[in-house]
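Structural overview for review
If you want the building blocks of each chain, they are given just below.
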Number of protein chains: 2
Amino acid sequence: MSRERLIYMPLGGAGEIGMNAYVYGYGAPGAERLILVDLGVTFPEMDGTPGVDLIMPDMSWLIERKDRLEAVFITHAHEDHVGGLAHFAHALGAPVHARAFTANIARGKLAEYGLAPEIVQVAGPWPQMITAGPFSVAFLPVSHSIPESAGLVIDSPAGRVVHSGDFKIDPTPIVGEAFDPALWAEVARGGVRALVCDSTNVFSPEPGRSEAGLATEIEALVAGAGGMVIATTFASNVARLKTLAEAGSRAGRSIVLFGRAMRRMIEAAVETGVLTEFPPTISAEEALELPREQVMLLATGSQGERRAASAQLARGKYRGITLEEGDLFLFSSRTIPGNERDVIRIMNGLSEKGVEVVDDDSGRYHVSGHANRPDLERVHQIVQPGIVIPMHGEHRHLREHVRLAEAGGFAAALAVNGTMLELGEGGAKTVDYVETGRSYLDGSVLIGALDGVVRDRIRMALNGHVTLTLILDERDAMLGDPWCETMGLADAGISRKPLVEVLEAEIARQVARADRKILADDDGLRDMLQRHLRQKAQNEIGKKPEVTVIISRMR
Amino acid sequence: MSRERLIYMPLGGAGEIGMNAYVYGYGAPGAERLILVDLGVTFPEMDGTPGVDLIMPDMSWLIERKDRLEAVFITHAHEDHVGGLAHFAHALGAPVHARAFTANIARGKLAEYGLAPEIVQVAGPWPQMITAGPFSVAFLPVSHSIPESAGLVIDSPAGRVVHSGDFKIDPTPIVGEAFDPALWAEVARGGVRALVCDSTNVFSPEPGRSEAGLATEIEALVAGAGGMVIATTFASNVARLKTLAEAGSRAGRSIVLFGRAMRRMIEAAVETGVLTEFPPTISAEEALELPREQVMLLATGSQGERRAASAQLARGKYRGITLEEGDLFLFSSRTIPGNERDVIRIMNGLSEKGVEVVDDDSGRYHVSGHANRPDLERVHQIVQPGIVIPMHGEHRHLREHVRLAEAGGFAAALAVNGTMLELGEGGAKTVDYVETGRSYLDGSVLIGALDGVVRDRIRMALNGHVTLTLILDERDAMLGDPWCETMGLADAGISRKPLVEVLEAEIARQVARADRKILADDDGLRDMLQRHLRQKAQNEIGKKPEVTVIISRMR
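Definitions and limits used
- Residues numbered from 1 in each chain as written.
- Chains lettered and ligands numbered in written order.
- Predicted model: local features only at pLDDT ≥ 70, side-chain atom pairs only at ≥ 80, totals over all residues.
- Heavy atoms only, no water.
- Helix = DSSP H or I, 4+ residues; strand = E, 2+ residues; numbered from the N terminus.
- Buried < 20%, exposed > 50% of the residue type's maximum accessible area, 1.4 Å probe, protein only.
- Contact = heavy atoms within 4.5 Å.
- Areas by Shrake-Rupley, 256 points an atom, 1.4 Å probe, with all protein chains shown as cover.
- Lys, Arg positive; Asp, Glu negative; His and termini not counted.
- Charge placed at Lys NZ, Arg CZ, Asp CG, Glu CD.
- Pairing = 2+ DSSP bridges.
- Axes fitted to C-alpha atoms, helices over the stretch in contact; angles between N-to-C directions.
- Polar contact = N/O pair within 3.5 Å; in protein donor to acceptor, adjacent residues only side chain to side chain.
- pLDDT = per-residue confidence, 0-100.
- UniProt positions renumbered as here; feature names shortened; annotations may be inferred.
- Least-squares fit on C-alpha atoms with pLDDT ≥ 70 in both.
- Expected span 1.5 Å × (residues − 1).
- Arc of directions from axis to C-beta.
- Buried area = accessible area lost by both parts, 1.4 Å probe.
- Salt bridge = Lys/Arg side-chain N within 4 Å of Asp/Glu carboxyl O.
- Nonpolar A, V, L, I, M, F, W, Y, C, P; charged D, E, K, R; others polar.

Tallying secondary structure elements over chain A gives 17 helices and 31 strands in all. In terms of its C-alpha atoms, chain A occupies a principal-axis envelope of roughly 85 × 75 × 45 Å. A buried classification covers 59% of the 555 residues belonging to chain A. Sequence-distant contacts in chain A: of pairs separated by 6 or more residues, those separated by 24 or more amount to 70%. Summed over its atoms, the accessible surface of chain A is roughly 21,400 Å², and 48% of this surface lies on carbon and sulfur atoms. Between the averaged position of the 57 positive side-chain charges in chain A and that of its 74 negative side-chain charges there is a distance of 4 Å.

We now examine the sheet that holds strand β21 (residues 385-391) of chain B. Within a sheet, adjacent strands bond to each other through the backbone by hydrogen bonds, running parallel or antiparallel. All names here are of chain B. An order of β9-β10-β11-β12-β13-β21-β23 is seen for the seven strands of this open sheet, with the pairing classed as mixed. Two strands bound the open sheet, and with one partner strand each, they are β9 (130-132) and β23 (411-412). Across two bridges, β21 lies against β23 in parallel orientation. Directly across from Ile387, in β23, lies its bridge partner Ala411. Helix α5 (residues 181-188) contacts β10 (135-141), β11 (150-156), β12 (159-163) and β13 (192-198) of the sheet and is inclined by roughly 165 degrees relative to β10.

This paragraph deals with the pairing of strand β5 (residues 54-57) of chain B. Residue and element names in this part refer to chain B. With burial as the criterion, each face of β5 is covered, one bearing Leu54 and Met56 and the other bearing Ile55 and Pro57. As paired elements, β5 and strand β26 (residues 438-442) share four bridges and run antiparallel to each other. Bridge pairing in β26 places Ile55 opposite Tyr440.

Residues and elements named next belong to chain B. For Gln303, the position within the fold is in the loop between β16 (295-299) and α10 (309-315). Gln303 sits 84 residues away from Ile387 along the chain, and the two C-alpha atoms are 36 Å apart. The residues touching Gln303, leaving out its near neighbours within four places in the chain, are Phe234, Arg334, Thr335, Ile336, Asn339, Asp342 and Val343. Here Ile336 takes part through its backbone nitrogen, which lies 2.8 Å from a polar atom of the side chain of Gln303.

Glancing now at the confidence of the model for chain A. Averaged over every residue, the pLDDT of chain A is 96; residues scoring 70 or more account for 100%. Scored as a whole, the predicted complex attains pTM 0.95, and scored at its interfaces, ipTM 0.94.

On to the UniProt feature "domain: Metallo-beta-lactamase" (unreviewed entry) in chain A, then. Sites flagged by UniProt as "domain: Metallo-beta-lactamase" (unreviewed entry) map to residues 18-218 of chain A. Summarising residues 18-218 of chain A: 21% helix, 28% strand, and an end-to-end C-alpha distance of 29 Å.

Rotating chain A by 180 degrees and translating it 0.0 Å along the rotation axis places it on chain B, where the RMSD comes to 0.1 Å. Considering both components of the superposition, the chain copies are consistent with a two-fold axis. Looking at the rotation axis and the C-alpha trace of chain A, the residue lying nearest is A:Ala461, at 2.7 Å. Looking at the interface residues of chain A, 100% of them are also at the interface in chain B, so both copies use one shared face.

This part covers helix α8 (residues 260-271) of chain B. Residues and elements named next belong to chain B. Helix length check: α8 (twelve residues) gives 16 Å between terminal C-alpha atoms against 16 Å at 1.5 Å per residue, within 8%. Within the sequence span of α8, burial applies to Met262, Met265, Ile266, Ala268 and Ala269. The buried residues of α8 occupy an angular sector of 160 degrees when projected down its axis, which confines them to one face. Turned more than 90 degrees off the buried face of α8, the exposed positions are Arg260 and Glu271. At its buried positions, α8 is contacted by α4 (100-112), α7 (238-250), β15 (254-258) and β16. Positive phi shows up at Gly273, right after α8, with a value of about 80 degrees.

Time to look at the sheet that holds strand β20 (residues 328-331) of chain A. All names here are of chain A. With respect to topology, six strands assemble into an open sheet ordered β16-β15-β17-β14-β20-β21, the strand pairing being parallel. The strands lining the two open edges of the sheet, one partner per strand, are β16 (281-282) and β21 (356-358). In terms of strand pairing, strand β14 (residues 229-232) meets β20 through four bridges, oriented parallel. Pairing of Thr232 across the sheet is with Phe331, part of β20.

The next subject is the side chain of B:Gln510. Residue and element names in this part refer to chain B. Its location among the elements puts Gln510 in helix α15 (residues 499-513). A distance of 3.4 Å separates a polar atom in the side chain of Gln510 from a polar atom in the side chain of His532. If near-sequence neighbours (up to four positions away) are discounted, Gln510 is found in contact with Met528, Leu529 and His532.

With that settled, consider unusual backbone geometry. A:Pro127 follows A:Trp126 through a cis peptide bond whose omega is 10 degrees. One non-glycine residue, B:Ile174, lies in the positive phi region at around 70 degrees. Along the chain, B:Ile174 turns up in the loop between β12 and α5. Overall, the relative accessible area of 36% leaves B:Ile174 in the partly exposed class.

Moving on to the pairing of strand β30 (residues 546-553) of chain B. In the case of a regular strand, side chains alternate between the two sheet surfaces. All names here are of chain B. Taken across its eight residues, β30 has eight buried, putting it largely inside the fold. Where burial is concerned, the two faces of β30 agree: the one with Glu546, Thr548, Ile550 and Ser552 and the one with Val547, Val549, Ile551 and Arg553 are both buried. Bridging between strand β28 (residues 465-472) and β30 involves eight bridges; their strand directions are parallel. In the sheet register, Leu470 faces β30, and the bridge partner there is Ile551.

What follows is about the interface of chain A and chain B. Listed as interface residues are 63 residues of chain A and, on the opposing side, 63 residues of chain B. Carbon and sulfur atoms supply 57% of the area that chain A and chain B bury against each other, a total of about 5,500 Å² over both sides. The largest share of the area that chain A buries against chain B comes from A:Met46, A:Arg341 and A:Met487, three residues that together contribute 13% of it. Viewed at the interface, chain B and chain A are joined by eight salt bridges. Here B:Arg306 and A:Asp47 are joined by a salt bridge, their closest N and O atoms 3.4 Å apart. If you list the elements that add at least two residues to the side of chain A that touches chain B, you get α11 (340-352), α13 (395-407), β28 (445-448), α14 (453-463), β29 (465-472), β30 (483-487), α17 (522-541) and β31 (546-553) of chain A. Per element, the largest residue contribution to the side of chain A that touches chain B is eight residues, and it comes from α11(A). Classifying every residue of the side of chain A that touches chain B gives 25 nonpolar, 18 polar and 20 charged.

So, about α13(A). Given 3.6 residues per turn, any residue in an α-helix points the same way as the ones three and four places further on. Residues and elements named next belong to chain A. Taking 1.5 Å of rise per residue, the 13 residues of α13 would be expected to cover 18 Å, and the 18 Å separating its terminal C-alpha atoms lies within 8% of that figure. Within α13, ten of the 13 residues are buried, which leaves the element mostly enclosed by the surrounding structure. Positive phi shows up at Gly409, right after α13, with a value of about 95 degrees.

Okay, here's the thing in structure tokens:
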């Protein structure tokens, strides 16, 4: 019988921020029993994924081995950790474990897709252990920017792994459990073979600040405001929503929650008991009856999302409310790199209305949900792992985290998506590379990132499109004239004649010139016409469009 | 005879950063003689302007009044100030004035487009005045991030306007003229009716730092490097290139210039005498013969441009040179908002190669070319204008700059693109609003932003495209089957049958069902089929594609 081993392999989240999916396994090589930690998504952009609805890790490796999958564990309810669950739950067929708040959100998502919510089982925190094949797994409460985040204590016959999840060190997180160094020390006492650890903020040199530290600044800001106050943050940052709402409430303002996601999160937090005190809220209609200085809106859309409440307020009105001169708009959030343009668009829209905009440039109105560099060092020291394996980061974050760990005297391994590490007694070694990638949810269909679908869309967006139709009779002679229709192209170029006429004349000329062999061959004729059409367009308008040639033969 | 007046109207650059174009006029209302200050471009993005090559202000207002245009003045050679010149020089037909370095660059651009370089005349600095109709204009040297930047002193019968251009306060700018408060005071002595002033850095609270202050830090960094050193900055930042090259040279490294734009800028600076000392450079081939630690590359592409040298080095090799573990890559630049994703892509590419990346997070390796908030206040105080008119900024920048000026005791006016201000003795008043907008250079054609061309491209990118062809005989009966071709769509949806077959069957069904009136009416038939095809696609794949329907009738 072959030697058994403990393996770790990220399928998503290592080498990118987003779509987390980490596999652990224990057993004989190739026959390990598996668990999956998190199943997240990331969001498309016009740049590289136009028209796509969601981006998910390619789970085919795991789906092909679903008979070996014991369970799925979800560390917290952020989309990049739970957003893929509804799309793969059926194909994976394993039970899912999460803490109550996370389970509440996950079940809601499953229900939206017509899946049975009971797939998700509610787990208590450490020291409760859940058995999953050769593994015993416990949820270790951590503080983050959403309620009931957890790290995982993963025990196997080969020893213990601590999977940090997304976490920060916060002694006073407002909602949820504080960072508890004694608890981490207790978990680590018997020795930890590997610490698989969040890398997001490895480049942030200062120790992280506490959520509680914001209250004073936010209260002062809100208390000093004259008109309506609007604040935006992540819908899932329940602690921040509480801080903001309490600041408004203390300033004599009634609170309105704007945005479905925000109401859903507050509801889940109340249902699961993680949020016990939250100021009473009123509806938009009720707010319209009040003087502006007695209203505070909490709005979704801190990242500039165009359909969210903040963007709609910046453009015009939302649920009857229009912002105006004298109002104050607070971004209690950080702009995620890549979202700057959309956020700035909102700021300028607000500026045009005369609304005062306060963002987090000063650092007074937002704290991050991730452990900064010194916080990571502190956790390494508490856990004293045999090896540090950075996760949840782009390549540069993972690399820097490896260096940080090594500088602290720990072994460390850089494992990007698809790298299978064996976590042995003597350290980690790479035992396999698995092909990984991305799946796109496109409308209602899952497509592969390399299927060419999105590539064709990008080409049409860059080059425009021409449809050319041609009808040939039974002797391969043209019936009527060729016909062109364009989409996304200038009407006319240097000749100042309509582009379609220029192209049709060129095609007619080329067909007249073509020899019988070409005319009889659909593929050859199509290629020839496409080439001439693109060249003619290049001469006329300076662009080579995408071309669909349709040859109909009357027989 | 009607009262004469002095007017100011931005056509671009006020309410956005980029594509600067400012009109001044003096004369009877509606018959003012005009001058134009700057004629810049801005750059397209996949988000909103896919496939577009350049974005320029809509100059039609001025072109329609070209008989009243006396001259064009270019303050400096950045693309957002000079990039539109070659595209409109012919249509505007006026002489262009610029200082020597700017003229050198502008002439090069005109030549590329087959235009006569002599359109651009070289001007000396203040106190030399250029007469342009009722105006006398002088170039006031300012420091910025490109050689020979200038503000403009614009005299008219109604008094003096100071147009700041892009500027910073730098007593030791390395290349070009230092900020000279005595010169500004001299210019302002007789009274300044209006200061039209750069707003870019109005949100930066600290006084700006000097270019010269970077040398020590950069030298220390380069001196401490082991492998090859690569530094990127804007190609036009000749002072920075000099600082970087000298740091390399002092550390015993030979300098290689990577990127056409960078070589062009250095060449222009040498030709026009603004750059007198620059370390000798070697070619890439020569660099390949040297040990890595004796080479320093200066590379274009600090904003992540995919075809520039930096991006190519991050992806693979450039001119035979491959980066490797132990090399150091310095971003001596700030990432312009919106470019974060592209810059981060390069950083991760370098991280994968094991290259050490140093960016400007610490503020040690870059200074801005624009005046910060306290610097703006200082200039207001020196110039003591009748009114401050912020320019070169998004709406939020202009608004904040107005507030800053007012807080300092000055009148101020917020004038976005298209706002025509009369600059009277008693202050500024809005006398007209002109329709402004954007023109796109698309391939070789100028198209309007609202022509719908780009909108169609975005729709194809988001929704994919279907071509449907249908041939009807003289009695409106279908000949053969309908034919669909898709581009940018999944091959199959929920039925798992090929999407085109599903769509073709649907169309056949709808044609069979259609009444004679519809079948005889091309437009009605097209609309009906398009509607059914989109609905069927929605059911099948969850997307409603763009559709081109081509109906051929055999008669």
